[in-house]
Amino acid sequence: MDKKNSGLVFNIGFSIIALVGLTDLLTAVSFATHTSLSGWHLPLALVLTLILSYYYHKYCLLTKKWTRFLESSGCLLAILIISIFIGGYFYDLSFDGQEYHQEAIYQLGHNHWNPFYETLPDSVNQAIWVNHYPKQSETGAAVIYAFTKHIETGKALNLLLVIGSFCLTFAFLKQHTRLRALKIWLLSILFALNPVTVHQSLTYLVDGQMASLLLCLLVTCLWLYHDTGWEKLLLFAFIIIACINIKFTAILFTGVFIIFLLLLLLLKKRMKAFWRVFVVASIGTFTAVIIVGFNPYVINTIRYHNVFYPLMGKNNVDIMTKNSPVGFPEKNRFEKLFITIFSHTDNIDSQLRDREPQLKIPFTLSKLDIKSLSYPDNRIGGFGPFFSGIFLLTIFLLLLLVIYRPQIFLKSYLTGFIAMLGFSVIVLEEAWWARYVPQFWFIPLLVLILAESLDKRWMIRLKNFTYIIMLINISLSIYMVLQTNILKTAEINYQLKQFKASNKPLIIDFNEFEANRVRLDEHGIPYIKTEITDTTATIKTVY
């Protein structure tokens, strides 16, 4: 791919992140001015993005400005339309997605809920999580939902961020490494198709989006080490705003990334770059917490005296004990991390008391591994069945760098970023659950880039084997995710057609999944809510 097309890839990535960031700002202003979400928010955010893209092309490019603006704008529109179509075709099969994420999207995009001024009553399904959790993902999805009137289309945000992270990664590797085109493509694909991202790509779970945003943040930090141009700094600000509002833990990760970059620039005595990054990071963080994140951060602090309520503070809710495998609460973070890396992929929690994580030999595969790949949030072995082997290969490649290329290992800024990623993983107590630390996946890939200096034939074969095993690992996930979602979507469509054809109200107990009433409403299926107390009854669920 030539430099022109490499620039086009960056422009597409820049436009996607700008669309996300401008949507965040637009919705925050709307909420602050007592304006609820409606069908005009998405078109307006898109127009603002195209205006920003136009000025970027006008002032940052030397030739063919109008042509390249039209190219990147056309690609952005095509990607948005395709993402909306794919997101709308599949149903969310995840527990949390159907439980409260979709409820938040419905309240924002259909019921015109304003989270800055209104608190949902306890009578609303899963109100505690909807009221007090960060809402970047739900707000973005609600903007799409308000435009399309089809709630599943909000999942387009997952695909947009995957493509945006791929584009930024590709453009960086093209500009700042000497890798061959094939490796740039392969690395960009592997970075963007994080197992957490793949498994959650067709759901309303937010960890996959966090993975994509953290990749964007990582690549932008790498870029700012070389170049603090205004377009990189603006990209940096947009990503900070989105990251901080995607999930509570993302505040910690964003802070680690920013502080490390500032320390690195300070160590290199690049004071002009340091102050530019510091100012933009400060403005981005303030905007993220005080303006865009007014709910939950400011509201939680004022009303409950803890920014992370209800997970911390008075009357906090323990969500980890029931979600942990048997015996995990008594183990330390390193024991849990070791077990989850070197065990078969599985989705077990405290309710399955007869099952425990099963340790495995690296590079082996079992029926349990394959079956578990259909779940969106595996607790054990969440990075795939071959990640234990990938982890060992990563350690071995690092040892080879220390022995054969100590100068490169010690002097490369990539070594610092690898250490920073490692720290961001182990600093979290519950790092055993892959969805909580998706940035773990980036470490082997950065090591592979650093290991390009290892040029002995057997070392090259070892690196190629690592690439192949990572590609197989993620290919298995993609296959199982697609197979499961295609079959389940067909099954749900069949169920809905049967319900509608009966011409009778559906008597249903939604249990925790009351948000699924939206599916029935969209298909014109009347229903009567009830509570089924007969534990022996056979219940056919809409799942």
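The notes below deal with the structure included here. Only a predicted model underlies this, so the values are computations on that prediction, with no experimental measurement involved. (Residues numbered from 1 in each chain as written. Predicted model: local features only at pLDDT ≥ 70, side-chain atom pairs only at ≥ 80, totals over all residues. Heavy atoms only, no water.)

## Focus on the overall build of the protein chain
Put simply, the rule reads: Each helix corresponds to a stretch of at least 4 residues labelled H or I by DSSP, and each strand to a stretch of at least 2 residues labelled E; elements are numbered beginning at the N terminus. Classification of residues uses two cut-offs on accessible area relative to the type maximum, computed with a 1.4 Å probe and protein chains only: under 20% is buried, over 50% is exposed, and between them is partly exposed. The contact criterion used throughout is that any non-hydrogen atoms of two residues lie within 4.5 Å. Computed with a 1.4 Å probe, the accessible areas rest on the Shrake-Rupley method; for each residue, only the protein chains presented here act as cover.
Along the protein chain, the regular secondary structure elements total 22 helices and two strands. Reported as C-alpha extents along the three principal axes, the dimensions of the protein chain are approximately 70 × 55 × 45 Å. Scored against the burial criterion, the 543 residues of the protein chain give a buried share of 58%. Contacts spanning at least 24 positions in sequence make up 76% of the contacts within the protein chain whose residues lie at least 6 apart. For the protein chain, the accessible surface area stands at approximately 23300 Å², while carbon and sulfur atoms represent 64% of it.

## Description of the side chain of Thr466
Note the threshold: Any pair of nitrogen or oxygen atoms within 3.5 Å is treated as a polar contact; in protein, a donor-acceptor pairing is required on top of that, and neighbouring residues in sequence qualify only through side-chain atoms on both sides.
Here Thr466 lies in helix H21 (residues 457-501). A polar contact is formed between the side chain of Thr466 and the backbone oxygen of Leu462, at a distance of 3.0 Å. Contacts of Thr466, omitting those with residues within four sequence positions, involve Leu393, Leu397 and Leu448.

## A short note on helix H13 (residues 271-292)
To keep things clear, this is the line we draw: Here a helix's expected span is defined as the number of its residues, less one, multiplied by 1.5 Å.
With 22 residues, H13 should cover 32 Å at 1.5 Å per step; its first-to-last C-alpha distance of 30 Å lies within 8% of that length. All buried positions along H13 are accounted for by Ala273, Phe274, Val277, Val280, Ala281, Gly284, Thr287, Ala288 and Val292.

## Topic: helix H12 (residues 248-267)
In this model H12 runs 30 Å from its N-terminal to its C-terminal C-alpha over 20 residues, within 8% of the 28 Å that 1.5 Å per residue would give. Looking one or two residues beyond H12, the residue adopting positive phi is Lys269, at roughly 60°.

## Points about the packing of helix H8 (residues 181-192) against H21
Heads up, the rule is: Angles shown run from 0 to 180 degrees and are taken between the N-to-C directions of axes, each axis being a line fitted to C-alpha atoms and, for helices, limited to the stretch in contact. Roughly parallel means an angle under 35 degrees; roughly antiparallel, over 145; roughly perpendicular, 65 to 115; everything else is oblique. Left-handed describes a crossing in which the near helix is turned anticlockwise from the far one by less than a right angle; the clockwise case is right-handed. Amino acids are sorted into nonpolar (Ala, Val, Leu, Ile, Met, Phe, Trp, Tyr, Cys and Pro), charged (Asp, Glu, Lys and Arg) and polar (every other residue, Gly among them).
Taken N-terminus to C-terminus, the directions of H8 and H21 make an angle of 40°; their axes are 11 Å apart at the nearest point. The pairing of H8 with H21 is recorded here as oblique in orientation. You can see that H8 and H21 cross each other, and the crossing is left-handed. Facing H8, whose interface residues are Lys183, Leu186, Leu187 and Leu190, H21 presents Tyr467, Met470, Leu471 and Ile474. Its residues assigned to classes, the contact of H8 with H21 comprises seven nonpolar, no polar and one charged.

## Observations concerning the environment of Leu120
Within the secondary structure, Leu120 is located in the loop between helix H4 (95-109) and helix H5 (127-132). Placed 52 residues apart in sequence, Leu120 and Phe172 show a C-alpha to C-alpha distance of 44 Å. In this view, Leu120 contacts Gln107, Trp113, Ala127, Val130 and Asn131; residues no more than four positions away in its chain are not counted.

## Side note on the nonpolar core
Selection rule: For the purposes of this section, nonpolar cores are sets of buried Ala, Val, Leu, Ile, Met, Phe, Trp, Tyr and Cys residues that join through side-chain atoms within 4.5 Å.
The biggest cluster of nonpolar side chains holds 165 residues, and the ones touching the most others in it are Leu217, Leu218, Phe236, Phe417 and Leu446. Broken down by element, the residue count for this core peaks at 14 residues, all from helix H1 (residues 3-32). Apart from the residues within four sequence positions on either side, Phe417 is in contact with Leu218, Cys221, Leu222, Phe260, Leu264 and Leu446. Membership of the second largest hydrophobic core comes to 10 residues, among which are Phe499, Leu506, Phe510 and Leu520.

## Quick word on the packing of aromatic side chains
Note the threshold: Centres within 6.5 Å make a pair out of two Phe, Tyr or Trp rings, where for Trp the six-membered ring is used; the pair is then stacked when the planes are under 30 degrees apart, edge-to-face when over 60, and tilted otherwise.
As enumerated under the stated definition, the model contains 43 aromatic pairs in all. Ring plane angle 85° and centroid distance 5.7 Å describe the contact between Tyr133 and Phe248, whose orientation is recorded as edge-to-face. Taken together, the positions of Tyr133 in the loop between H5 and helix H6 (136-148) and Phe248 in helix H12 put the pair 115 residues apart, joining distant regions of the chain. Across the pair, exposure class does not vary: Tyr133 and Phe248 are buried alike. For the pair Tyr304 and Tyr309, a centre-to-centre distance of 4.0 Å together with 5° between the ring planes defines the contact as stacked.

## Section: unusual backbone geometry
Cis geometry is adopted by the peptide bond preceding Pro296, which originates at Asn295 and carries an omega value of 20°. That bond from Tyr309 to Pro310 is cis: its omega, 10°, falls within 30 degrees of zero. Considering the arrangement of structural elements, one finds Pro310 in the loop between helix H14 (294-304) and helix H15 (333-341). Phi angles above zero are rare outside glycine, and His305 is one such case at about 60°.

## Looking at the pattern of salt bridges
The cut-off we apply is this: For this analysis, a salt bridge means a side-chain nitrogen from Lys or Arg found within 4 Å of a carboxyl oxygen belonging to Asp or Glu.
This structure, assessed with the given rule, holds 17 salt bridges. In this structure, Glu103 engages Arg517 in a salt bridge whose closest nitrogen and oxygen atoms are separated by 2.9 Å. Separated by 414 residues along the polypeptide, Glu103 in helix H4 and Arg517 in helix H22 (residues 517-522) bring together distant segments of the chain. When sorted by exposure, Glu103 lands in the same class as Arg517, which is buried. Here Lys529 and Glu514 are joined by a salt bridge, their closest N and O atoms 2.8 Å apart. Here Glu514 lies in the loop between strand E1 (506-508) and H22 and Lys529 lies in strand E2 (residues 527-529), a separation of 15 residues in the sequence. For Glu514, a relative accessible area of 19% puts it in the buried group.

## Considering the packing of helix H10 (residues 207-226) against helix H19 (residues 413-426)
Orientation of H10 relative to H19, taken along the N-to-C sense of each, is 150°, at an axis distance of 12 Å. Taken together, the axes of H10 and H19 are roughly antiparallel relative to one another. In the crossing of H10 with H19, the sense of the turn from one axis to the other is right-handed. Contacts between H10 and H19 pair Leu218, Cys221, Leu222, Tyr225 and His226 from the former with Tyr413, Leu414, Phe417, Met420 and Leu421 from the latter. Its residues assigned to classes, the contact of H10 with H19 shows nine nonpolar, one polar and no charged.

## Comments concerning the side chain of Thr394
Counting through the fold element by element, Thr394 comes out in helix H17 (residues 387-404). Thr394 sits in the buried class, given a relative accessible area of 5%. Aside from chain neighbours lying at most four places away, what touches Thr394 is Ile443, Pro444 and Val447.

## As for the environment of Ile17
The residue Ile17 is located in helix H1 in this model. Put simply, Ile17 and Leu161 are 144 residues apart on the chain and 7.5 Å apart in space, counted from C-alpha to C-alpha. Beyond its immediate sequence surroundings of up to four residues, Ile17 is in contact with Leu161, Leu168, Cys216, Leu235, Phe238 and Ile239.

## A closer look at a nonpolar patch on the surface
Inclusion rule: Patch definition: residues with relative accessible area over 30% and no salt bridge; like charges joined within 9 Å; nonpolar side chains (Val, Leu, Ile, Met, Phe, Trp, Tyr) joined within 5 Å.
On the surface, Trp40, Leu44, Val47, Leu48, Ile51, Tyr54, Tyr55, Tyr59, Trp66 and Leu70 cluster together to form a nonpolar patch covering roughly 980 Å² of accessible area. If you list the elements that add at least two residues to the nonpolar patch, you get helix H2 (41-60) and helix H3 (65-89). Of the residues forming the nonpolar patch, the biggest block, seven residues, is contributed by H2. Position of Val47 relative to the elements: it lies in helix H2. Exposure remark for Val47: the relative accessible area of 44% places this residue in the partly exposed category.

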